[in-house]
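Remarks on the overall topology
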Amino acid sequence: VTIGTLLFSSSALFGQFRAGIQGTVLDPASAAVGDASITLRSQETAAEQKTTSSPAGFYRFSELAPGTYTIVARKQGFADLTVSDVGVSGESVQGVDLNLEPAKVTTRVTVSGDALPALNTENANVQRSLSSEEILRLPQVGRDPYELLRLTPGVFGNGSRSGSGQSIPLPNTTGPGGANLSIFQTENQVPIVANGQRLSANNYLVDGVSVNSLTWGGAAVVTPNQESVKEITVSSNAYSADLGRNSGAQIQVVSQNGTNQLHGSAAFKYDDPNFNAYNGFGAINSPPQRVQNSFRQYAASVGGPVVKDRLFFFFSYEGLHNSSNNPYSGYVETPQYRQSVLNLRPDSITAKVLGSAGIAPRVINTIPIACSSSFAAGACQQVSGGLDLGSINGSRGMYTTGNGGGLDGIPDVQHALLGNPASQTGNQYNGRVDYNHGNDMFAASSYVTLFNGLTADTSAGSRPQADLRNRPITIALTATYTRVLSGTLINEAKGNFTRFASNQITSTSNTNWGIPRVEVESYPFGRLEFGAPRSESTPAVFAQNTFEARDTLNWVRGNQGFRFGLEIRREQDNNNLAGGARPDYSFTGLFNLANDTPVFEAINADPNTGAPASAQRYFRDTIYAGFVQDDWKVRPSLTLNLGLRYE
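Starting from 1, residues in each chain are numbered consecutively following that chain's sequence as written. Only residues with pLDDT of at least 70 get local features here, since the model is predicted, and only at 80 or more are side-chain atom pairs given and counted; chain-wide, interface and lining totals rely on the full set of residues. Side-chain calculation: all heavy atoms of the structure are included, whereas hydrogens and water are not.

Description of unusual backbone geometry
With an omega of 10°, the peptide bond between Thr-538 and Pro-539 qualifies as cis. With respect to the helices and strands, the residue Pro-539 is situated in the loop between strand S31 (528-530) and strand S32 (541-557). Positive phi outside glycine occurs at Asn-195, with the angle close to 60°. One can find Asn-195 in the loop between strand S12 (193-194) and strand S13 (203-206). In this structure, Ser-462 is a non-glycine residue whose phi angle is positive, near 55°. Relative accessibility under 20% of the residue-type maximum defines a buried residue, over 50% an exposed one, and the middle range a partly exposed one, all with a 1.4 Å probe and only protein chains included. Note on Ser-462: relative accessible area 0%, which makes it buried. A run of DSSP states H or I qualifies as a helix once it reaches four residues; a run of E qualifies as a strand once it reaches two. Both are numbered from the N-terminal end.

Here it is, written out as structure tokens:
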């Protein structure tokens, strides 16, 4: 059962973006009109820019936010021309030619922007912008706006989901994959490709600065909530020189800002397991089961003026709480086996493992089952409480074969219905402030994403000591200062800081990292496993920091619009791979486990000392880039886009 409500918010403001409006001022004979006075006015914030057409009739406004604008053109001897409702998409240039009529006694011509041609005549980029209305109305799994990227031209991806709702990766790709945790997927590697490149070549920008993972290419560490997104522009080919870093799709998110009108929104989604039907095809001899997901998702936003026409604010929030316990069936050792090891091998390493807190699997109830035909004759018998696979024999350190000391009528393993508790709690906060003061414009935006997830290790019987908690934090801060130097010259300075960090050792206080990962093999039903999962990056201990500064100068000279830019980006990737210092042991059968006689072991150790190998890694990268972009209006019907970039 899902219940939801939604109110809409809108916005527009000058500065802090790469969008623009340009065109040619013409007379009735299609001759250029120079020295015409042109004023651009935001229909939501009343902010204005003014310029004068060149001798060739060319004009351009730069550094515009997506939104709706009014253009007023004046020239002595011609009637005033007003073009209203001119829509500007994020990070793109809108072409608007202004056709003046001779003046009569008092004449004013008004044109609606709806009558403007939809064809983009200012560049040959293959791109599309997703508006805030589309983002709010079109369905997205988990309210993730990046799910809509595959709807844009030149972008390919089918958005497949498994039967359990998990994102399915594209073939021949590695990495975290698409979002399975709503917008709280901290590394969201959307399965899309563009421009003939792999998905690892995709580039994610929020308000013009990088939010890319430093571990996985093509993954964003910030997935903005729906309420906070004004527009998403996706360029899949032939983009301008001011876009660099990656060669795949350029995904540019523009965050919402406040306007002169107070706007707000709210949404609530609620799923309760009490309304779910029971599964008629559950496990044999187990009670009826139904999906036990308790799901809550909240979202809200508010934005408006602090000082009319001058200072604006916007704030959005999205929260998630999902808890579930969907049982599954599997084989685990019995309490009788654990007790026999403690009694007969009290000083063994295995006894210390089996006697540690939280070792018992989460058994809901046992499921009687006969021995598989894959067992050798005399290697298994069904008894009360499970399957008898043999008995402990020999001594500690002595390798044994088969069923050890032989069948003894005591169950060693059982087929059981096992609990699978999981929970995810997330909170994302987005804030933005915009300030206009004459020729100066300032904007600051932020995203703070907090997540707290808990998962049981189903490969090891959901033992409480192996539960993994994940509590990453992501912060993205951006500040922009725009200065209108003249009617033909605008400078924009931008800086940002992005951090993605986690420490699973401090987060998982109940997980026992002090015991090894233990596996028991050679049984027809698969492996039995003990201890927390093991890998070099489990537990995860890392911090990724990105510092970025960028300055762009926009200059209109004649019928050419130039952009000159410099960028510097400092990346810090700090990873601790100490998880490899936990050993991994594998045993042939339960009775070699009892005798501490593994057949395989793995550990990351210093061969000189036997101590854990050095596991801390500090990677540092500094990227410099410079570019020049020339949008040359050769004729009213012909624009050349010329660019050069060094990175």
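Regarding empty space enclosed by the protein
Any residue with an atom within 4 Å of a point lines the site, the site being either a cavity, points on a 1 Å grid over the protein atoms alone where a 1.4 Å probe fits but cannot get out, or a pocket, an open set with protein on both sides within 12 Å along at least 5 of 7 lines. Grid points are joined across faces, edges and corners, and a volume is the space filled by probe spheres set on the points. Tallied over the full model, the rule gives 9 cavities of 30 Å³ or more. Approximately 100 Å³ is the volume found for the second largest cavity. Taken together, 15 residues make up the lining of the second largest cavity; nearest its centre are Asn-203, Leu-205, Gly-244, Arg-550 and Glu-567. Looking at the lining of the second largest cavity residue by residue, the classes come out as 2 nonpolar, 5 polar and 8 charged. Only Asp, Glu, Lys and Arg are considered charged in this grouping, and only Ala, Val, Leu, Ile, Met, Phe, Trp, Tyr, Cys and Pro are considered nonpolar; every other residue, Gly among them, is considered polar.

Some words on the side chain of Asn-574
Within the element layout of this structure, Asn-574 appears in strand S33 (residues 560-576). Between N or O atoms, a polar contact is any pair within 3.5 Å; within protein, one atom must be a potential hydrogen donor and the other a potential acceptor, and residues adjacent in sequence are included only when both atoms are from side chains. Of the polar contacts made by the side chain of Asn-574, one reaches the side chain of Arg-620; its length is 2.8 Å. A contact between two residues is defined here by any heavy atoms of the two lying within 4.5 Å. Every residue in contact with Asn-574, bar those within four places of it in the chain, is listed here: Val-541, Phe-542, Ala-543, Asn-545, Gln-616, Arg-617, Tyr-618 and Arg-620.

Considerations on the pattern of salt bridges
Salt bridges, as used here, are contacts in which a Lys or Arg side-chain nitrogen is within 4 Å of a carboxyl oxygen on Asp or Glu. A complete count under the given rule lists 30 salt bridges for this structure. Here Arg-143 ties to Glu-318 by a salt bridge, and the two come within 3.2 Å at their closest N and O atoms. Taken together, the residues span a long stretch of sequence, with Arg-143 in the loop between helix H1 (132-137) and strand S11 (155-156) and Glu-318 in strand S19 (residues 311-325) at a distance of 175 residues. Close ionic contact of Glu-333 with Arg-338 constitutes a salt bridge, the shortest N to O distance being 2.7 Å. Of the two residues examined, Glu-333 and Arg-338, each falls in the buried class. Here the salt bridges do not stand alone but share partners, grouping Arg-245, Glu-548, Arg-550, Glu-567, Arg-569, Glu-571, Arg-645 and Glu-647 into one network.

Brief notes about a nonpolar patch on the surface
Here the term patch refers to residues with relative accessible area over 30% and no salt bridge, with like charges joined within 9 Å and nonpolar side chains (Val, Leu, Ile, Met, Phe, Trp, Tyr) within 5 Å. Values of accessible area rely on a 1.4 Å probe in the Shrake-Rupley scheme; residue burial ignores everything except the protein chains shown. Residues Leu-262, Val-302, Phe-315, Tyr-429, Leu-450 and Ile-473 make up a contiguous nonpolar surface patch of roughly 490 Å² in combined accessible area. Structurally, Tyr-429 can be placed in strand S25 (residues 421-437).

Digging into the environment of Ile-135
Structurally, the position occupied by Ile-135 is in helix H1. Excluding residues that lie within four positions of it along the chain, Ile-135 makes contacts with Leu-130, Gln-140, Pro-145, Leu-148, Gln-226, Val-229 and Ile-232.

Thoughts on the packing of aromatic side chains
Centre distance within 6.5 Å is the pairing criterion for rings of Phe, Tyr and Trp, where only the six-membered ring of Trp is used; planes under 30 degrees apart are then read as stacked, over 60 as edge-to-face, and the remainder as tilted. For the structure shown, the criterion picks out 13 aromatic pairs. Centroid distance Phe-268 to Tyr-270: 6.2 Å. Interplanar angle 45°. Geometry classified as tilted. According to the relative accessible area criterion, Phe-268 is partly exposed, its value standing at 32%. What makes Tyr-270 partly exposed here is its relative accessible area of 22%. With a centroid separation of 5.4 Å and 10° between ring planes, the pair formed by Phe-268 and Tyr-298 is classed as stacked. Note that Phe-268 is positioned in strand S17 (residues 263-271) and Tyr-298 in strand S18 (residues 294-307), a separation of 30 residues in sequence. Each residue in the set Tyr-331, Phe-375, Tyr-523 and Phe-525 is aromatic and connected to the rest through ring pairs, giving one cluster.

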